[in-house]
Amino acid sequence: MEALRAAGRAVLRSPRLARHGLGLRRRRKLPESWADMQEPLLEGMCFTLKYLGMTLVEKPKGEDMAAAAIRRIVATARAGARKFQKVILTVSPRGISLQDADTKEMVENISIYRISYCTTDKLQNKVFAYVAQSQESGALECHAFLSPKKKIAQAVTLTVAQAFQMALDLWEAAHAGSRQEQPLHPSCVLESSEPGRPRGGRGGRR
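The rules behind each value
- Residues numbered from 1 in each chain as written.
- Predicted model: local features only at pLDDT ≥ 70, side-chain atom pairs only at ≥ 80, totals over all residues.
- Heavy atoms only, no water.
- Helix = DSSP H or I, 4+ residues; strand = E, 2+ residues; numbered from the N terminus.
- Buried < 20%, exposed > 50% of the residue type's maximum accessible area, 1.4 Å probe, protein only.
- Areas by Shrake-Rupley, 256 points an atom, 1.4 Å probe, with all protein chains shown as cover.
- Phe/Tyr/Trp six-rings, centres within 6.5 Å; stacked < 30°, edge-to-face > 60°.
- Contact = heavy atoms within 4.5 Å.
- Polar contact = N/O pair within 3.5 Å; in protein donor to acceptor, adjacent residues only side chain to side chain.
- Expected span 1.5 Å × (residues − 1).
- Pairing = 2+ DSSP bridges.
- Axes fitted to C-alpha atoms, helices over the stretch in contact; angles between N-to-C directions.

A look at the overall build of the chain
Per the secondary structure count, the chain includes four helices and seven strands. Reading the secondary structure of the chain in the N-to-C direction produces α-α-β-α-β-β-β-β-β-β-α. Among the 206 residues that make up the chain, the fraction classed as buried is 47%. As displayed, the chain has an accessible area near 10800 Å², and 49% of this comes from carbon and sulfur atoms.

Below you can see the structure in the form of structure tokens.
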């Protein structure tokens, strides 16, 4: 679970994120059960974005890795003639889910433990991207999304940071006083081609 702790710290101290006006709300004291938690993040914070595409990466984290991946995805997206798929990206302590904004079909459901990095790109500042390990192949995939505004892309990144921290808090609260060993997870540090990947309803597969 140290991976979750490291991920949250990395995003919150990132100098690339303009946090003014996008400050994280103070975390409320954790209730005894999830059902009592009224924090919107627990139920899921939703963002409407356009999916740009996916590319494989060799490292789970890193600014240079993410920037290069985003450049590949954006270049491929611009070269293609396909209309970008509009998706509803929902962030919660469980992870990230993707739903087709038009058909309402569930596209992907990515566990937070498989997400190793997320970022708002420095040059493409309306682009939000995350790196996650594929449940099917084990490969590291970078997925990029275009937001309407720079602040929305930044807000998505900060919300993912909150989700990491809340997932850690909930895990620690559930195992308080227990000697149970904390589960191992892929290295997680938050911080980019293959356009059109989300199409096809593969919820819960990543």
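Picking up after the structure, the text goes on.
Quick word on the packing of aromatic side chains
If you walk through the whole model with that rule in mind, you get four aromatic pairs. Note on Phe128 and Phe145: the rings are 6.2 Å apart at their centroids and 35° apart in plane angle, and the pair reads as tilted. Linking Phe128 in strand 6 (residues 127–133) with Phe145 in strand 7 (residues 140–146), this pair joins segments that are 17 residues apart in sequence. Classification of Phe145 as buried rests on a relative accessible area of 0%. Through a chain of ring-to-ring contacts, the aromatic side chains of Tyr51, Phe128, Tyr130 and Phe145 assemble into a single cluster.

Things to note about the environment of Lys50
Within the element layout of this structure, Lys50 appears in strand 1 (residues 45–57). Once the C-alpha coordinates of Lys50 and Pro148 are considered, the two residues, 98 residues apart in sequence, prove to be 8.7 Å apart. Setting aside anything within four residues of it in sequence, one finds Lys50 in contact with Phe84, Gln85, Lys86, Ala144, Phe145 and Leu146.

Examining the side chain of Asp121
Among the secondary structure elements, Asp121 is positioned in the loop between strand 5 (115–120) and strand 6. From its side chain, Asp121 meets the backbone nitrogen of Gln124 in a polar contact 2.8 Å long. Excluding residues that lie within four positions of it along the chain, Asp121 makes contacts with Ala67, Ile70 and Val127.

Thoughts on helix 3 (residues 63–79)
Between its first and last C-alpha, helix 3 extends 24 Å over 17 residues, near the 24 Å set by a 1.5 Å rise per residue. Among the residues of helix 3, Met65, Ala66, Ala67, Ala69, Ile70, Ile73, Val74 and Ala77 are the ones counted as buried. On its buried face, helix 3 sits against strand 1, strand 5, strand 6 and strand 7.

Some remarks on the sheet that holds strand 1
The strands making up a sheet associate through hydrogen bonds between their backbones, and the pairing can be parallel or antiparallel. Pairing in this open sheet of seven strands is antiparallel, and the strands run 4-3-2-1-7-6-5 from one edge to the other. Each end of this open sheet is capped by a strand with a single partner; those strands are strand 4 (106–111) and strand 5. Strand-to-strand twist across the sheet, computed as the mean angle between neighbouring axes with direction ignored, equals 30°. Relative to strand 7, strand 6 runs antiparallel, the two being bridged by seven bridges. Note on strand 7: the bridge partner recorded for Gln133 is Leu140. Of the strands in this sheet, strand 1, strand 5, strand 6 and strand 7 touch helix 3, which is tilted by about 95° from strand 1.

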